[in-house]
8 protein chains.
Amino acid sequence: SRCGYPEVIYCEGKTSTALVEIFTLLLESKQRCLGTRISEEQAETVLKQFPQAIYNQVARTIRIPEKDAAFDEELTKGKITVLTAGTSDRPVAEEAMETLIWMGYEPDLIVDVGVAGPHRLIEQLPRIQNVSAIIVAAGMEGALPSVVGGWVSCPVIAVPTSVGYGASLGGLTALLGMLNSCAANVTVVNINAGFKAGFIAGLIADQQRSSSES
Amino acid sequence: SRCGYPEVIYCEGKTSTALVEIFTLLLESKQRCLGTRISEEQAETVLKQFPQAIYNQVARTIRIPEKDAAFDEELTKGKITVLTAGTSDRPVAEEAMETLIWMGYEPDLIVDVGVAGPHRLIEQLPRIQNVSAIIVAAGMEGALPSVVGGWVSCPVIAVPTSVGYGASLGGLTALLGMLNSCAANVTVVNINAGFKAGFIAGLIADQQRSSSES
Amino acid sequence: SRCGYPEVIYCEGKTSTALVEIFTLLLESKQRCLGTRISEEQAETVLKQFPQAIYNQVARTIRIPEKDAAFDEELTKGKITVLTAGTSDRPVAEEAMETLIWMGYEPDLIVDVGVAGPHRLIEQLPRIQNVSAIIVAAGMEGALPSVVGGWVSCPVIAVPTSVGYGASLGGLTALLGMLNSCAANVTVVNINAGFKAGFIAGLIADQQRSSSES
Amino acid sequence: SRCGYPEVIYCEGKTSTALVEIFTLLLESKQRCLGTRISEEQAETVLKQFPQAIYNQVARTIRIPEKDAAFDEELTKGKITVLTAGTSDRPVAEEAMETLIWMGYEPDLIVDVGVAGPHRLIEQLPRIQNVSAIIVAAGMEGALPSVVGGWVSCPVIAVPTSVGYGASLGGLTALLGMLNSCAANVTVVNINAGFKAGFIAGLIADQQRSSSES
Amino acid sequence: SRCGYPEVIYCEGKTSTALVEIFTLLLESKQRCLGTRISEEQAETVLKQFPQAIYNQVARTIRIPEKDAAFDEELTKGKITVLTAGTSDRPVAEEAMETLIWMGYEPDLIVDVGVAGPHRLIEQLPRIQNVSAIIVAAGMEGALPSVVGGWVSCPVIAVPTSVGYGASLGGLTALLGMLNSCAANVTVVNINAGFKAGFIAGLIADQQRSSSES
Amino acid sequence: SRCGYPEVIYCEGKTSTALVEIFTLLLESKQRCLGTRISEEQAETVLKQFPQAIYNQVARTIRIPEKDAAFDEELTKGKITVLTAGTSDRPVAEEAMETLIWMGYEPDLIVDVGVAGPHRLIEQLPRIQNVSAIIVAAGMEGALPSVVGGWVSCPVIAVPTSVGYGASLGGLTALLGMLNSCAANVTVVNINAGFKAGFIAGLIADQQRSSSES
Amino acid sequence: SRCGYPEVIYCEGKTSTALVEIFTLLLESKQRCLGTRISEEQAETVLKQFPQAIYNQVARTIRIPEKDAAFDEELTKGKITVLTAGTSDRPVAEEAMETLIWMGYEPDLIVDVGVAGPHRLIEQLPRIQNVSAIIVAAGMEGALPSVVGGWVSCPVIAVPTSVGYGASLGGLTALLGMLNSCAANVTVVNINAGFKAGFIAGLIADQQRSSSES
Amino acid sequence: SRCGYPEVIYCEGKTSTALVEIFTLLLESKQRCLGTRISEEQAETVLKQFPQAIYNQVARTIRIPEKDAAFDEELTKGKITVLTAGTSDRPVAEEAMETLIWMGYEPDLIVDVGVAGPHRLIEQLPRIQNVSAIIVAAGMEGALPSVVGGWVSCPVIAVPTSVGYGASLGGLTALLGMLNSCAANVTVVNINAGFKAGFIAGLIADQQRSSSES
Ligand SMILES: Nc1ncnc2c1ncn2[C@@H]1O[C@H](COP(=O)(O)O)[C@@H](O)[C@H]1O
Ligand SMILES: Nc1ncnc2c1ncn2[C@@H]1O[C@H](COP(=O)(O)O)[C@@H](O)[C@H]1O
Ligand SMILES: Nc1ncnc2c1ncn2[C@@H]1O[C@H](COP(=O)(O)O)[C@@H](O)[C@H]1O
Ligand SMILES: Nc1ncnc2c1ncn2[C@@H]1O[C@H](COP(=O)(O)O)[C@@H](O)[C@H]1O
Ligand SMILES: [Mg+2]
Ligand SMILES: [Mg+2]
Ligand SMILES: [Mg+2]
Ligand SMILES: [Mg+2]
Ligand SMILES: [Mg+2]
Ligand SMILES: [Mg+2]
Ligand SMILES: [Mg+2]
Ligand SMILES: [Mg+2]
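The structure presented is a predicted model; accordingly, all values stated were derived computationally and were not measured.

## Thoughts on unusual backbone geometry
Then, in step 1: One non-glycine residue, L169 of chain G, lies in the positive phi region at around 50 degrees.
Then, in step 2: The exposure class assigned to L169 of chain G is partly exposed, which follows from its relative accessible area of 31%.

## Focus on the relation of the copies chain C and chain B
Then, in step 1: Of the transformation placing chain C onto chain B, the axial shift is 0.0 Å and the rotation is 180 degrees, giving an RMSD of 0.0 Å. Taken together, the turn and the small shift mark the pair as related by a two-fold rotation axis.
Then, in step 2: A shared interface surface links the copies, since 97% of the contact residues of chain C are contact residues in chain B too.

## What to know about the interface of chain C and chain G
Then, in step 1: Facing 7 residues of chain C, the contacting portion of chain G comprises 11 residues.
Then, in step 2: Looking at the side of chain C facing chain G, the largest losses of area belong to A116, Y165 and A167 of chain C, adding up to 60% of the total buried there.
Then, in step 3: A salt bridge links E7 of chain G to R120 of chain C; its shortest N-O distance comes to 3.3 Å.
Then, in step 4: Applying the counting rule to chain C against chain G returns 3 residue pairs in polar contact (both at pLDDT 80 or more).
Then, in step 5: A breakdown of the residues in the side of chain C that touches chain G according to their chemical character gives 4 nonpolar, 2 polar and 1 charged.

## Digging into the pairing of strand 6 (residues 105-110) of chain H
Residue and element names in this part refer to chain H.
Then, in step 1: Here 5 bridges tie strand 5 (residues 76-84) to strand 6, and the two strands are oriented parallel to one another. Counted as the bridge partner of K77 is E106 from strand 6.
Then, in step 2: Following the chain from strand 5 across helix 3 (residues 90-102) to the adjacent parallel strand 6, one finds a crossover that is right-handed.

## Observations concerning the relation of the copies chain C and chain G
Then, in step 1: Superposing chain C onto chain G requires a rotation of 90 degrees together with a translation of 0.0 Å along the rotation axis, leaving an RMSD of 0.0 Å. Classification of the inter-copy transformation places it as that of a four-fold axis. When C-alpha positions in chain C are compared against the rotation axis, the closest is assigned to L169 of chain C, at 7.6 Å.

## Points about the interface of chain C and chain B
Then, in step 1: Contacts between the two partners involve 34 residues from chain C and, on the opposite side, 33 residues from chain B.
Then, in step 2: Buried surface at the junction of chain C and chain B, summed over both partners, amounts to about 2700 Å²; 59% is from carbon and sulfur atoms.
Then, in step 3: Considering only the surface of chain C that becomes buried against chain B, L179, A184 and Q207 of chain C emerge as the three largest contributors, covering 24% of it.
Then, in step 4: Counting across the interface, chain C meets chain B through 0 salt bridges.
Then, in step 5: Counting across the interface, chain C meets chain B through 10 residue pairs in polar contact (both at pLDDT 80 or more).
Then, in step 6: Elements that contribute at least two residues to the side of chain C that touches chain B include exactly helix 5 (144-151), helix 6 (172-179), strand 9 (186-188) and helix 7 (194-213) of chain C.
Then, in step 7: Of all the elements, helix 7 of chain C adds the most residues to the side of chain C that touches chain B, at 10 residues.

## Some thoughts on helix 6 (residues 172-179) of chain H
Then, in step 1: Counting buried residues along helix 6 of chain H, 7 of its 8 residues qualify, which places the element largely inside the surrounding structure.
Then, in step 2: Along helix 6 of chain H, the positions that sit buried rather than exposed are T173, A174, L175, L176, G177, M178 and L179 of chain H.

## Brief notes about the packing of helix 4 (residues 118-128) of chain B against helix 5 (residues 144-151) of chain B
Residue and element names in this part refer to chain B.
Then, in step 1: Two numbers describe how helix 4 lies on helix 5: the axes approach to 11 Å, and their chain directions differ by 60 degrees. Accordingly, the angle class assigned to the pair helix 4 and helix 5 is oblique. Crossing of helix 4 against helix 5: the hand is right-handed. Of helix 5, the residues touching helix 4 (which contributes L121, I122, L125 and I128) are L144, V147, V148 and W151.
Then, in step 2: Tallied by class, the residues present in the contact of helix 4 with helix 5 amount to 8 nonpolar, no polar and no charged.

## Considerations on the sheet that holds strand 2 (residues 33-36) of chain B
All names here are of chain B.
Then, in step 1: If you walk across this open sheet you meet the 4 strands as 1-2-4-3, and the pairing is mixed. The open sheet is flanked by strand 1 (9-10) and strand 3 (54-56), the only strands paired with a single partner.
Then, in step 2: Of the strand pairs in this sheet, strand 1 and strand 2 are connected by 2 bridges, and their pairing is parallel. In the strand pairing of strand 2, Y10 is matched with T36.
Then, in step 3: Taken strand by strand, helix 2 (residues 40-49) contacts strand 3 and strand 4 (61-64), and its axis lies near 15 degrees from that of strand 4.
Then, in step 4: The strands touched by helix 3 (residues 90-102) within the sheet are strand 2, strand 3 and strand 4, with strand 4 carrying the most contacts at an inclination of about 10 degrees.

## Some details on the packing of helix 1 (residues 16-28) of chain G against helix 2 (residues 40-49) of chain G
Residue and element names in this part refer to chain G.
Then, in step 1: It is the contact of helix 1 with helix 2, at a shortest axis distance of 9 Å, that shows an interaxial angle of 40 degrees. If you check the angle between helix 1 and helix 2, you find them oblique. In this structure, helix 1 crosses over helix 2, and the sense of that crossing is right-handed. Between helix 1, through S16, L19, V20 and F23, and helix 2, the contact on the second element is made entirely by E41, Q42, T45, V46 and Q49.
Then, in step 2: Here the residues of the contact of helix 1 with helix 2 are counted per class, giving 4 nonpolar, 4 polar and 1 charged.

## Notes on the sheet that holds strand 3 (residues 54-56) of chain H
All names here are of chain H.
Then, in step 1: As summarised here, the arrangement of the 4 strands in space is 1-2-4-3, forming an open sheet in which the pairing is mixed. In the strand order of this sheet, the two ends are held by strand 1 (9-10) and strand 3, each with one partner.
Then, in step 2: As defined by bridge partners, strand 3 adjoins strand 4 (residues 61-64) across 3 bridges and the pair is classed as antiparallel. By the bridge assignment, Y55 is partnered in strand 4 with I62.
Then, in step 3: Helix 2 (residues 40-49) contacts strand 3 and strand 4 of the sheet and is inclined by roughly 15 degrees relative to strand 4.
Then, in step 4: Of the strands in this sheet, strand 2 (33-36), strand 3 and strand 4 touch helix 3, which is tilted by about 10 degrees from strand 4.

Definitions and limits used
- Residues numbered from 1 in each chain as written.
- Chains lettered and ligands numbered in written order.
- Predicted model: local features only at pLDDT ≥ 70, side-chain atom pairs only at ≥ 80, totals over all residues.
- Heavy atoms only, no water.
- Buried < 20%, exposed > 50% of the residue type's maximum accessible area, 1.4 Å probe, protein only.
- Least-squares fit on C-alpha atoms with pLDDT ≥ 70 in both.
- Contact = heavy atoms within 4.5 Å.
- Buried area = accessible area lost by both parts, 1.4 Å probe.
- Salt bridge = Lys/Arg side-chain N within 4 Å of Asp/Glu carboxyl O.
- Polar contact = N/O pair within 3.5 Å; in protein donor to acceptor, adjacent residues only side chain to side chain.
- Nonpolar A, V, L, I, M, F, W, Y, C, P; charged D, E, K, R; others polar.
- Pairing = 2+ DSSP bridges.
- Helix = DSSP H or I, 4+ residues; strand = E, 2+ residues; numbered from the N terminus.
- Right-handed = clockwise from strand over helix to strand, strands pointing away.
- Axes fitted to C-alpha atoms, helices over the stretch in contact; angles between N-to-C directions.
- Parallel < 35°, antiparallel > 145°, perpendicular 65-115°, else oblique.
- Left-handed = near helix turned anticlockwise from the far one by under 90°.

This is how it looks when you write it as structure tokens:
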């Protein structure tokens, strides 16, 4: 197990049979499973085999608890907020959310607070100013992480999305913008990498959870 | 004369003698002169010949009034605001300012209101919400025009600057970001093109000036 | 409401049900609606609910008047001209046109006056030399805005289109060309961004409309 | 103050006089100062005014303690390790180190453990496996963060450097590689952005410091 | 025949009939055939005509022995190892394998030893440290060839794959990374060019085979 | 001799001594010499040795007639016109001119007829409508070749220049624009490649010269 | 009519009805028609209306003679050769061929003489050394035009094709290579622009045809 | 020691003192030294300390034999040929040569056999058709490796150089071309990476040397 967490399965390009085999092995070794980039077709096969699995169609993820206990029993709250600039960025945000739930966190989600409607973010400030880490998913010009970074004092994980057209270059413009953020607390992951954003946010929150546990 | 305004001289790569010749011709035909991208050395020669010229070292511009009257006699106020994200964007803003003065406008200038310090812009809102056009110069991720666009109801001329390093790609990142602005009232000019931003802002304000004049 | 106009709905990636809901809300708050990038399928559902809606298949837009009155009742004429270089640029031009009609303007449209047939533009000069703003949609090398900019004295909103092949790079070549226009009155929006071009042209014309109104 | 820390001064393009003024103001408001990207010439002027300042020529930084007390009095140890792939990546690492010292941390530094000499990193594993955050500076192909990410269970802040030639594209190749890291715990900042890497690593360690303090 | 080997047929874009014709000609001139980038449909037609052909669906290759003898009769062993970073890189590895078998080699294959799981590669070191050439197929950040290069003393042929998303740019990121490898024994071929990697590895091993034969 | 013409010497990076040696050899074999991209320093040395040489500082070329006869004795007139968009494009145009004189042509030169001042080109139409080939040098958006192509019926050799700033990308924008010209008679050479433009224009005119000679 | 030739119709994106209308108009004004980038479906409709039309499925072109006379009656021979590097470049070559036939030329075609099989080109030298212009279509690295340019003394029109994969970047690599040709007689058109290559080659040959006619 | 060879020192960015220290250490451990990318200034200091060192100003390398014996005493001949397309590619070729001498080989060098002068290469064929590996250094369009690859049956190491201007993009065009070579025996290293090309060629020749030794 890496980083104290079991390996996550990137489902794209794997056969459904292969997925069932991998998940069976992981469950046998007492690990809670997470699969990302799963197609509807793949999910169907996996769900047949593991009816307790939780499939999120928007996030394109599947989670399987290692035992009969529900997944969400003892989630840690209040540590992480996930923001999106527009409603189209939601799938990436959901992938981050699912990753965090799998890590034992209950993230807070705020959708459609992009910079062109400045009042919306300002109204939500209380929900982002006392957390361990914030994930911001944004496409097009990707300006939201900088703006959020200016209002908070924790790390901001910026995840560019491929939302946009023309000179958005499939998310490259948002990516480049986020890397050049004038806010010092912004760090960046790959385009549409909701999983990575969630995983790193979880690791950051772990710093506090583990220290408060010990 | 194009657009009702005399031709502007792009000084880069012209000899000082050539510049003096061109300005002499323009003044003889009763035109107020503007030179952009002028070097200190070129400016010196021009100033010797035309002591009434106004040289702006930061903007790298020179203005010569067509007669003895001062340039700023009857400037139109209150129509255009120029904003910069950082202090390093000032040269581009100054080029836009000089262009506007040459067009007969007295622009308002607000420096260093970048998105990482959100309170600064909010404090200045009264100065940007009743004008005909706003110019926003920003480098790095170029997020400021989107944010400004969200607060105002006039056209925002976004001018990306080459301020930044690494993945700022000499201003390309800011340029791409601005083109993908989620604010519908943002339009874009070339990197460091303070002259163009100023000229277009002036043409927009002209719509009202000329109509109120008639 | 932003810029004095209601929010415009970007339909791509939204369900038809979601669109109907949003439009219902907007109409209830007495706003005239505009949807862009709407698919035939989405349009059909919307039209069933709002038979008074005006769907433009080429522009991929839908407009819904806020009351029974027709949309075009009191359109302001003679302010804005939309030009295209080729016939293939028409969808982008139409999106700009629809946006302007929604803003209360009746734009003039001139198609297929690209630079390779120079007489065609020259014949149309009277239709472009007395307006508040001109929109020029062009793909391939995107040269038309510069040429138009040389003949007129108002702002030219250049909108690059993805028309072309090979080194046209999906519109990037036209975009870059327009940003480097040697005409000082040319400003640029994103590739295929007919909506933005229309919106900014409308805001420019508003300068005069509002001042002549007051 | 942003993120609980005072503003950091980006010295590039500012006059020495301007720097002295800014630092005077910050010190008057009882803030410890950090200046980055400072030139030798600028540093000299600042040092004349504030002899207690600590200038790091390799890092191109200057730190000024807010009172007579030395800077390093009560540094928090054992939380953060800074790694470099080669010796040429050192300036970027030093910038991160200086930022961390200014934040009250004493980072551990390991130089020249690039992937082409695999034994070197393996020998250093004990120094990287019990920290809160790791910074990895690497140029050329930028492979080191992925390799480090595979050995540890904390967040890895990858900072690409412009070290290399030809297809290293001034650091873009390393940047792109890091963004595509197959290790899930790797997040990325801009090319040569030692300051940002340091700041974010500090914020991550703060999660634990503040929680263990409370 | 080039390089002592018959010409290899790139099947993409050729009709099935054309392929049968070409293979017939080659077999008549007593050459063992290799076709690459063959589709399932093309393969079916070829197999009908030459039932002795060996079609590899994953590699998208077809081999036809020049006479009745099986292909693998007298393969040279122990000279070449093919590695992949992930399981998704397998098709590219298989194309290299098939090319090598066609050249008379029996390559060793090791799958899924990417850098994020460092123990996996270390366990396989004995299988890569006594060969003539190593092929490494990797997508995403393409770090594996550098790491392998650090452990061995033979040439490493790095073949970037298009595995990944977002900033992996269809394999360009892996390609650029490999070209900038800090390991001196790494050389590079085109994205997904399993055939080329195999061919060059074979030519390298030929140096020894031919010299030991003579 | 290639193409019926002697080899042209690309002087960049050659020592002055080497240049003198090469020119001596060429003259001994009775060839008229052309050197391109020659520096002032190199030119001085060459001129000392061959006082009959004609050095063009703007074009950065040197021509040496093979015997005492002047170079321009029997130049063919009226076949080729060289146009520039701006005055800054002149060096590239001059390199083309010098190449053509060396090939025995007397080209016609028209400077500063860029598209932003449309009357200027129209006034010059008689000078471009009866020639064998036209060379058009333009930077920035590179629109002039398309416009010229629309007025004439001979091949137009477009040569992009590096004139411009920001998104002109050192001439790439002009290059891409010219390649996408909507005029069918436009063909393109490398950025600043005045020599190549001249050489190809000369070869085209040769078609007629040689046929009318025979 | 441009360049003495009627306008050519780019069929992509036009309705079949629109095509029939345009061709009817052209034929009424006594012009021989050429349509490029025509789909099978469009071609079918056009052929129904004009059974005398000549549809080339590989070239994706359609030609309609202006009267009953066959197209090829009085074609000028021996002036132009079209070469391809591989068999996959044939469609682009065919588009050039069709354009030339429409201009009244009978081009010579030589397929699959790419640089990796050097003997093939050398055998064909007699067919390329006495023509007015040569068109070379090549994908992948696009080296053939340089090699051809070294053997001949007429202009070489290089047309890059999108044949290739990975770092061929859809033809950009071939395009860039051709622009940097070390052969001085190579000029370049857009990727896959067979029509343009043919048209320019025809215009070059026209220089001689018209002069020998007069 | 990597690959059986001592570590090579990349001198760029190291102080002269540091270089002397490193070389002293290497010599003490009985290793023959190679330094690359050494400046004239650095070389002077090193030469003062180690008068037996061999400095190659063109290659920017320095070699120091481990004992008094001359370097070239027992060089292996006839295995490797180094080719350049133009004379300007020589520095890169020399770096490869020096690397090979340091590895114990005496490479053969052939300069200026670029594709635009096809006879030159053909005359040299005997010198390239019986070796273990060929290095080809070429800038501009980088076509030479493909052409060479077509004539020989050993691996061709292509090394792109930054020779060229405009669209040569500092060597990227040559690099991309070489990666797309239609010759199957071509593999590629970084731009200007003469050292790497030499090292890999040496490792290939080692296959035969070591096997013939054993
Ligand atoms: N959506 C994702 N994006 C990036 N990496 C992922 C994703 N999902 C899983 N991974 C990583 O991919 C690796 C598994 O890849 P594989 O061996 O192909 O299943 C694990 O190390 C995960 O950390
Ligand atoms: N800083 C500038 N950026 C872009 N265009 C400019 C600038 N200054 C002047 N121009 C334009 O450049 C043209 C003059 O160029 P030139 O003929 O080279 O002097 C005029 O049309 C101006 O509109
Ligand atoms: N998968 C491949 N990738 C790159 N080159 C290939 C591949 N398969 C065959 N080739 C080369 O392509 C050439 C044949 O191309 P063609 O004439 O189009 O069949 C031969 O020279 C082969 O060396
Ligand atoms: N300015 C130039 N741009 C491009 N190619 C040139 C130029 N001047 C000379 N050449 C070509 O460069 C080759 C000579 O290169 P070299 O062997 O380095 O002297 C000749 O084939 C010329 O055709
Ligand atoms: Mg929204
Ligand atoms: Mg500031
Ligand atoms: Mg048209
Ligand atoms: Mg090292
Ligand atoms: Mg794996
Ligand atoms: Mg001019
Ligand atoms: Mg072939
Ligand atoms: Mg040469």
